[in-house]
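Breakdown of the fold
Below are the chains, spelled out letter by letter.
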Amino acid sequence: MTDLQRRSDAFAALADPNRLRVVDLLTVGDLSPSEISAQLGMASNLVAFHLGVLEDRGIVRRTRSEGDRRRSYLRFLPEVFQSMEPAPVHVRGKVIFVCTANSARSQLAEALWSTVSDLPVLSAGTDPGSAVNPGALAAARRHGFDLVRDARPKTLDEVVHRGDYLISVCDRAHEKLAGRDDAHWSIPDPAVTGTEAAFDRAVEDLRDRVARVAPRLIAA
């Protein structure tokens, strides 16, 4: 069974509300089938069916009672959920954040990434501007971090090499790259209004995405 099929089967098993109710009970403690039936008001044959599915998918395990040997208890296996995350993405080179001007969003993403991941990171622009947007510098300071030292807009040709993992953080860049990027984050451009609130929203969005994605990207 492939990892994808294993995870699909586990999610499918929990799509049934009754099986989810059974699992909810077992997250607190072990129960016998008859105890599950009594607590949920569910017919014993239906409980047996749902337990069979959950056992088959590796979500619960049955053990024999050390007291009444005719009785068994069901134990929830939390590790099945700890392994539900998709497989890591192997990166042979750097992570490169790309926006149009490389003056705000990609610069902020680069700085945030460097605080949570050991993978090397840079940023670039499809049409680099002349300087980093002062609003991005100020937003970084408000949120307790600084942009990378000597931050300046750069072209893709300056920084990209084979094996790099490109993440576009701007719709225009994503559409211009036409499939060259490996992932796309649709982050609204804070420079459109230039307000502190717009830059703060961009930082919060980027920080959330970086926190979720960084653990999945590992060095090849």
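Along each chain, numbering runs from 1 in the same order as the chain's sequence is written. With the structure being a predicted model, the display of local features is reserved for residues of pLDDT at least 70 and the display and counting of side-chain atom pairs for 80 or more, all residues being used for whole-chain, interface and lining totals. The side-chain figures draw on all heavy atoms in the structure; neither hydrogens nor water molecules are used.

**As for helix α2 (residues 17-26)**
Listed as buried for α2 are R19, V22, V23 and L26. Projected down its long axis, α2 carries its buried residues within an arc of 95 degrees, all on one side. Should any heavy atoms of two residues lie within 4.5 Å, those residues are counted as being in contact. Helix and strand definitions here come from DSSP, where helices need a minimum of 4 consecutive H or I residues and strands a minimum of 2 consecutive E residues; each element is numbered from the N-terminal end. Tucked into the core, α2 has its buried residues touching α1 (3-13), α3 (33-40), α4 (44-56), β1 (60-64) and β2 (72-76). For α2, the side-chain oxygen to backbone nitrogen distance between the N-cap and N18 is 2.8 Å, and the N-cap itself is D16. Summary of the burial criterion: residues with accessible area below 20% of their type's maximum are buried, those above 50% are exposed, and those between are partly exposed, where the area comes from a 1.4 Å probe applied to protein chains only. By arc we mean the arc of the directions from the helix axis to the C-beta atoms, nothing more. Between N or O atoms, a polar contact is any pair within 3.5 Å; within protein, one atom must be a potential hydrogen donor and the other a potential acceptor, and residues adjacent in sequence are included only when both atoms are from side chains.

**Remarks on the nonpolar core**
Throughout this description, the term nonpolar core refers to a set of buried Ala, Val, Leu, Ile, Met, Phe, Trp, Tyr and Cys residues connected via side-chain atoms within 4.5 Å. The biggest cluster of nonpolar side chains holds 39 residues, and the ones touching the most others in it are F97 and W113. Taken together, the elements giving at least two residues each to this core come down to β4 (95-99), α6 (105-114), β5 (121-125), α7 (134-142), α8 (156-159), β6 (165-168), α9 (171-177) and α10 (196-213). With residues up to four places along the chain from it excluded, the contact list for W113 reads V95, F97, L119, V121, V210, V213, A214 and L217. Counting 20 residues, the second-largest nonpolar core is a separate cluster that includes A13, V23, I36 and I59.

**Side note on the sheet that holds β5**
Taken in spatial order, the four strands of this open sheet run β5-β4-β6-β7, and their pairing is parallel. Of all the strands in the sheet, the pair left with one neighbour each is β5 and β7 (183-184). Strands qualify as paired when DSSP identifies two bridges or more between them.

**A short note on the packing of α3 against α4**
To describe two helices that pack against each other, one gives the angle between their axes and the distance between the axes. Only the contacting stretch of a helix is used when fitting its axis, a line to C-alpha atoms as for every element, and angles between N-to-C directions run 0 to 180 degrees. Closest axis-to-axis distance for the α3/α4 pair is 9 Å, and the angle between their directions is 115 degrees. Note that α3 runs across α4; the crossing there is right-handed. Residues P33, I36 and S37 of α3 form the contact with α4, whose own contacting residues are S44, V47 and L51. Three residue categories are used. Nonpolar comprises Ala, Val, Leu, Ile, Met, Phe, Trp, Tyr, Cys and Pro, charged comprises Asp, Glu, Lys and Arg, and polar comprises the others, including Gly. When the residues that make up the contact of α3 with α4 are grouped by side-chain class, the tally is four nonpolar, two polar and no charged. Note on convention: near helix rotated counterclockwise from far helix by under a right angle means a left-handed crossing. Clockwise means right-handed.

**Some words on the packing of aromatic side chains**
Pairing of aromatic rings covers Phe, Tyr and Trp, the last counted by its six-membered ring, and requires centre-to-centre distances within 6.5 Å; plane angles under 30 degrees mean stacked, over 60 mean edge-to-face, and any other angle means tilted. One pass over the full model with this rule turns up two aromatic pairs. Ring centres of F97 and W113 lie 5.7 Å apart, and the angle between their planes is 65 degrees; on these two criteria the pair is classed as edge-to-face. Of the two residues, F97 is situated in strand β4 and W113 in helix α6; the sequence distance between them amounts to 16 residues. No difference in accessibility class separates F97 from W113, as the two residues are buried. Aromatic side chains F97 and W185 sit 5.5 Å apart centroid to centroid with 55 degrees between the ring planes, which places their arrangement in the tilted category. With F97 in strand β4 and W185 in the loop between β7 and α10, the pair connects residues that are 88 residues apart, well separated along the chain. Classification of F97 by relative accessible area gives buried; the value is 0%. Taken together, the ring pairs connect F97, W113 and W185 into an aromatic cluster.

**Quick notes on the pattern of salt bridges**
Salt bridge, as used here, is a side-chain nitrogen of Lys or Arg placed within 4 Å of a carboxyl oxygen of Asp or Glu. A complete count under the given rule lists 15 salt bridges for this structure. The residue R57 makes a salt bridge to D56 at a minimum N-O spacing of 3.5 Å. For D56, a relative accessible area of 60% corresponds to the exposed category. Between R152 and E158 there is a salt bridge; the shortest N-O distance is 3.1 Å. Each of D3, R6 and R7 takes part in one network of salt bridges that share partners.

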